[in-house]
Amino acid sequence: MKKKKIILPAAAVLVCVALMALIFILWKMQEEETAFSEKYVMAQELPSLLSFTYYDAAKWETELKGMVSGKVSYRELSNILKLLGIEEYVTYEKKAGFVSVPRAVFFDVYDQALDLLDPEKHVTFQDLVFLSDEAKEEQWLTQQGYLTLGSGGSYVSQYSMYQAVMLDGVVLGLKQKLMDAPLVWADVFIHKTEEGTAQVLYEKELISVDIAGVTDDITDTVCDIEFQNDAVSAIYKKEETISGTVLSYNEKQIEIKGYGTLEHSGNLRIYKTYGTVEQLDESKLIIGNLMADFVVARGKVCGIILKEPAQIEQIRVLLLNEGSPFYSELYVTSPEEFTASFADTQQNLPGGTLVKASDYFASGGEGYLRLDSAVKEGRLFLANEKGEIVSQDYPGGMEIRRFEEGYSIVNQLSLEDYLCGVVPSEMPASYELEALRAQAVCARSYACIQLTQGEYARFAANVDDSTNYQVYNKQPRDERSTLAVQDTVGEVISMNGEVAEAYYYSTSCGFSQNMDVWNLDPETYGYLKSVPLLADGSTPDISTEEAFLAFITNRDYVAYDSDGAYFRWRAEIKPAERLSAIQEAALNRQAVNPDNVQCFDAKGAPQALDFAALGNITNLIPEERSAGGVLKRLRIQCEQGSILVTTEYNIRKILKAAATAMTDKNEKAIDAMELLPSAAFSVTPVEGGFVLYGGGYGHGIGLSQNGANGMAKAGFTYTDILLKFYQNITIENIYNGKESQQ
């Protein structure tokens, strides 16, 4: 009996130990199911890995629920292949159904499935190193940027290296772990190294990378970082650097003054090291005004380092050929001596020489043709083949480039000289000097903003000479306009320390308009607010359609720009006579953006825009106005439905197509307009159509040019004028950074 009492407790202990061992094994199995295994594929990896086929990941998760769990077995693999309909076409060594499929075997089968179901090779394989073990907004940081990891990332550890399965920039899964072969993180900007870490500027943020064992002392340099065995194994600095000014760039090449055109890596990486260390986008690569260090490796520019801010002193203007950037041939001349530089040669040409572009490019030389006057204050002119001058005079230099479509020509000159050609082209030189000064500040501000856009980088230009930007050199330079530029040299309007975009237009309706007319960001464009412009300082009520009609039909209001012919205007709309033109205009604006013009049937359901189905136009209904009276939404009511037109431009474009007659404030006929003068109008039904009573000319946002002239006549200074039209701004100087005296 005593022996039995001793044996029973011992047996109980053994049972407990066995249970604990079983629990530990089950726990380890559970742990293994949520961790990447180099030996097996886990169930949770499958939905994403299979999402390249008929179903997306969510659908596969539903299909596989209850079919696969834990490690994928041979039986489960067979069932998956049956679901895909390819089991008979895939070969692999089959084993007992309950046996787990080794990872290598699974991906051998997966490769065969890709051959069968992805013949166009949309799915690719890429080597990745994970730079963080935590997701940021469901994306994981790798040496290829932030990537979405379809099967989750609970098994990813920092600096772990994998061969990944990729589709459209998404990681479907991880094929295998990489150990022996090194993996290179190419063209990385290292701000500094210290105490076993490197501060790397990547994806526009500074991240800390562990470089224990690598002792290189690095500061503000582009490097390659090599990983091996889940750690940094080496850092290779890019030693070759050239310095110069950016002249042009596109998706493959960048042109640097003094070095010609170089290939780049396909993604211009720009790093700012003065003030703060930041990674910048291409908008900061200001053509013609930015000195930079260009890091070159393997014959390509792989990084651009900015050590000082751009000096905004020059502007490059693309001279359009009736709206096109291309000419079939170009002729340039000058009355004074000038030079022609092409490739490695330079010619001194006597005044009156006619330069023909194709004569220089016929030799097949690379680069561009540069023309400069050899005398101070010299000018260049565009000419025809007979040598007859066909343009205003151009200060500065000319650059001609050849493209497949033809030749382009750019006028490079100082910003201030440019403004001397803009101000008289945008505002009559006969206007009051204070108005011209206000226009000069606006034009300079607008130009500074456009310098950062890069839309003409392909042509080595910042802007063009048309209304796309600011009209340039279409009128002769004038002493008063030039004086206005000189009196305000360097001055721009500024909001929160940044140059503000100074929109302007011809004439108001008695109010300037809010930024919401164009749905602009209030944080960036908060200075663009509706203000009344009546000379007595009153604010008329325009809060209802009835009140707005009374306001817009009143020609007795005295505003700062009420002397303008377009302060009030009238348009007759006869839809039945202009139906095809209305539909053409509406379809055109809809093609630009479907939200511009939306069509609905009689029940309010969306439908295709077709006036044959909609029937006759029965009404024009203003649905939303801005605080200054401009229409933002207009509904065109038809017999069998309606059309909703949004934004002031689209409303002006479509209703102009319906207009049969327009007159200005003085009852003078208005001809040759593509748009209604403005979108500040009311609608009055009349027999056979509608009458629009409107006011103003232009979009109405920012400065009214005629309003500025009226304020100047009333004794206001240009700073008073600017502070009236742009709220909460300061006037600062781009050349010395100082706030101007106001």
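The preceding data block contains the structure.
Rules of the game
Residues numbered from 1 in each chain as written. Predicted model: local features only at pLDDT ≥ 70, side-chain atom pairs only at ≥ 80, totals over all residues. Heavy atoms only, no water. Helix = DSSP H or I, 4+ residues; strand = E, 2+ residues; numbered from the N terminus. Rg over C-alpha atoms; globule rule 2.2 N^0.38 Å. Buried < 20%, exposed > 50% of the residue type's maximum accessible area, 1.4 Å probe, protein only. Contact = heavy atoms within 4.5 Å. Areas by Shrake-Rupley, 256 points an atom, 1.4 Å probe, with all protein chains shown as cover. Lys, Arg positive; Asp, Glu negative; His and termini not counted. Charge placed at Lys NZ, Arg CZ, Asp CG, Glu CD. 1 Å grid on protein atoms, 1.4 Å probe; cavity = no way out; pocket = protein on both sides within 12 Å on 5 of 7 lines; lining within 4 Å. Points joined across faces, edges and corners; volume = space filled by probe spheres on them. Nonpolar A, V, L, I, M, F, W, Y, C, P; charged D, E, K, R; others polar. Axes fitted to C-alpha atoms, helices over the stretch in contact; angles between N-to-C directions. Parallel < 35°, antiparallel > 145°, perpendicular 65-115°, else oblique. Core = buried A, V, L, I, M, F, W, Y, C linked by side-chain atoms within 4.5 Å. Pairing = 2+ DSSP bridges. Salt bridge = Lys/Arg side-chain N within 4 Å of Asp/Glu carboxyl O. Phe/Tyr/Trp six-rings, centres within 6.5 Å; stacked < 30°, edge-to-face > 60°. Lys NZ or Arg CZ within 6 Å of the ring centre and 35° of its normal. Polar contact = N/O pair within 3.5 Å; in protein donor to acceptor, adjacent residues only side chain to side chain. Left-handed = near helix turned anticlockwise from the far one by under 90°.

**Things to note about the overall build of the chain**
For step 1, the next point in the chain: A tally of regular secondary structure across the chain gives 15 helices and 40 strands.
For step 2, the next point in the chain: Scaling as 2.2 N^0.38, a compact globule of 742 residues should have a C-alpha radius of gyration of about 27 Å, whereas the chain reaches 35 Å, well beyond that.
For step 3, the next point in the chain: Projected onto its principal axes, the C-alpha coordinates of the chain cover approximately 125 × 70 × 55 Å.
For step 4, the next point in the chain: Burial analysis of the chain (742 residues in total) assigns 51% to the buried set.
For step 5, the next point in the chain: Long-range contacts, defined here as pairs at least 24 residues apart, represent 62% of the contacts in the chain between residues at least 6 apart.
For step 6, the next point in the chain: Just so you have it, the chain exposes about 34,800 Å², and 48% of that area is on carbon and sulfur atoms.
For step 7, the next point in the chain: Positive and negative side-chain charges of the chain, numbering 64 and 104 respectively, have mean locations separated by a distance of 6 Å.

**Section: empty space enclosed by the protein**
For step 1, the next point in the chain: In the structure shown here, the tally under the stated rule is three cavities of 30 Å³ or more.
For step 2, the next point in the chain: Roughly 80 Å³ of volume is contained in the largest cavity.
For step 3, the next point in the chain: Listing elements by their share of the lining of the largest cavity, those giving two or more residues are helix 4 (74-84) and helix 5 (103-117).
For step 4, the next point in the chain: Of the pockets and cavities examined, the second largest cavity occupies roughly 60 Å³.
For step 5, the next point in the chain: Lining of the second largest cavity is provided by 15 residues; of these, Cys509, Gln513, Gly695, Gly698 and Gly700 occupy positions nearest its centre.
For step 6, the next point in the chain: For the lining of the second largest cavity, the per-class residue count stands at six nonpolar, nine polar and no charged.

**Considering the packing of helix 4 against helix 5**
For step 1, the next point in the chain: Closest axis-to-axis distance for the helix 4/helix 5 pair is 12 Å, and the angle between their directions is 5 degrees. Taken together, the axis directions place helix 4 and helix 5 in an arrangement best described as roughly parallel. Packed against helix 4, whose contacting residues are Tyr74, Leu77, Leu81 and Leu84, the element helix 5 presents Val105, Phe106, Val109 and Leu117 at the interface.
For step 2, the next point in the chain: Of the residues belonging to the contact of helix 4 with helix 5, the class tally is eight nonpolar, no polar and no charged.

**Details of the nonpolar core**
For step 1, the next point in the chain: The biggest cluster of nonpolar side chains holds 96 residues, and the ones touching the most others in it are Leu371, Ile400, Tyr418, Leu703, Leu722 and Tyr726.
For step 2, the next point in the chain: No other element matches the ten residues that helix 8 (residues 433-450) contributes to this core.
For step 3, the next point in the chain: Each residue touching tyrosine 726, except ones within four places of it in the same chain, is listed here: Cys442, Ile493, Ala502, Tyr503, Tyr504, Tyr527, Leu528, Gly702 and Leu703.
For step 4, the next point in the chain: Residues Ala571, Val597, Val645 and Met673 belong to the second largest nonpolar core, which totals 33 residues.

**Quick notes on the pairing of strand 21 (residues 345-349)**
For step 1, the next point in the chain: Pairing analysis gives five bridges linking strand 20 (residues 338-342) to strand 21, with the strands arranged antiparallel. Residue pairing across strands places alanine 340 opposite glutamine 347, the latter belonging to strand 21.
For step 2, the next point in the chain: Between strand 20 and the antiparallel strand that follows it, strand 21, lie two residues; alanine 343 among them carries a positive phi value of about 55 degrees.

**Describing the sheet that holds strand 2 (residues 140-142)**
For step 1, the next point in the chain: What the five strands build is an open sheet, ordered 1-4-5-3-2; its pairing is mixed. Two strands lie at the open edges of the sheet, namely strand 1 (124-129) and strand 2, each paired on one side alone. Geometrically, the sheet is characterised by an average inter-axis angle of 55 degrees between neighbouring strands, direction not taken into account.
For step 2, the next point in the chain: Pairing of strand 3 (residues 145-149) with strand 5 (residues 170-177) involves two bridges; the strand directions are parallel. Opposite threonine 148, over in strand 5, you have valine 170 as the bridge partner.
For step 3, the next point in the chain: Sitting on the sheet, helix 5 is in contact with strand 1, strand 4 (161-167) and strand 5, with an inclination near 135 degrees to strand 5.

**Some thoughts on the environment of alanine 608**
For step 1, the next point in the chain: Relative to the helices and strands, alanine 608 resides in the loop between strand 32 (597-601) and helix 12 (611-614).
For step 2, the next point in the chain: The sequence separation of alanine 608 and leucine 587 amounts to 21 residues, and the corresponding C-alpha distance is 10.0 Å.

**What about the pattern of salt bridges?**
For step 1, the next point in the chain: Tallied over the full model, the rule gives 34 salt bridges.
For step 2, the next point in the chain: In this structure, the salt-bridge partner of lysine 177 is aspartate 230, at a minimum N-O distance of 2.6 Å. Taken together, the positions of lysine 177 in strand 5 and aspartate 230 in the loop between strand 9 (219-228) and strand 10 (231-237) put the pair 53 residues apart, joining distant regions of the chain.
For step 3, the next point in the chain: In this structure, the salt-bridge partner of arginine 379 is aspartate 393, at a minimum N-O distance of 3.1 Å. Taken together, the residues arginine 379 in the loop between strand 23 (369-373) and strand 24 (381-383) and aspartate 393 in the loop between strand 24 and strand 25 (397-403) connect sequence positions 14 residues apart.

**Let's talk about the packing of aromatic side chains**
For step 1, the next point in the chain: Throughout the structure, instances matching the rule amount to 32 aromatic pairs.
For step 2, the next point in the chain: Look at phenylalanine 361 and tyrosine 407: their rings are 5.5 Å apart centre to centre, the planes differ by 50 degrees, and that puts the pair in the tilted class. Here phenylalanine 361, found in helix 6 (residues 357-361), pairs with tyrosine 407, found in strand 26 (residues 406-414); they are 46 residues apart in sequence, far enough to count as distant. Judged on exposure class, the residue phenylalanine 361 and its partner tyrosine 407 are both buried.
For step 3, the next point in the chain: Through a chain of ring-to-ring contacts, three or more aromatic side chains come together here, namely Tyr446, Tyr503, Trp518, Tyr525, Tyr527 and Tyr726.
For step 4, the next point in the chain: In this arrangement the basic side chain of lysine 177 is found over the ring face of tyrosine 162, its NZ or CZ atom lying 5.9 Å from the centre.

**Things to note about unusual backbone geometry**
For step 1, the next point in the chain: Positive phi, normally seen in glycine, also occurs at tyrosine 159, with a value near 70 degrees.
For step 2, the next point in the chain: Examined against the element boundaries, tyrosine 159 turns out to sit in the loop between strand 3 and strand 4.
For step 3, the next point in the chain: Of note in this structure, alanine 460 is not a glycine but carries a positive phi near 60 degrees.
For step 4, the next point in the chain: Note on placement: alanine 460 falls in the loop between helix 8 and strand 27 (463-464).
For step 5, the next point in the chain: Owing to a relative accessible area of 0%, alanine 460 belongs among the buried residues under this scheme.

**Remarks on the side chain of histidine 191**
For step 1, the next point in the chain: Assignment of secondary structure puts histidine 191 in strand 6 (residues 183-194).
For step 2, the next point in the chain: Residue histidine 191 is classed as buried on the basis of its relative accessible area, which comes to 17%.
For step 3, the next point in the chain: A polar atom in the side chain of histidine 191 sits 2.7 Å from the side chain of aspartate 220.
For step 4, the next point in the chain: Each residue touching histidine 191, except ones within four places of it in the same chain, is listed here: Gln199, Leu206, Ile218, Thr219, Asp220 and Val277.

**Some remarks on the packing of helix 7 (residues 415-426) against helix 9 (residues 479-487)**
For step 1, the next point in the chain: One way to put it is that helix 7 packs onto helix 9 with a least axis distance of 9 Å and a crossing angle of 135 degrees. In terms of their interaxial angle, helix 7 and helix 9 are classed as oblique. The two elements helix 7 and helix 9 cross, and the hand of that crossing is right-handed. Across from Glu416, Leu419, Cys420, Val423 and Pro424 in helix 7, the residues of helix 9 making contact are Ser481, Thr482 and Val485.
For step 2, the next point in the chain: For the contact of helix 7 with helix 9, the class distribution of residues is five nonpolar, two polar and one charged.

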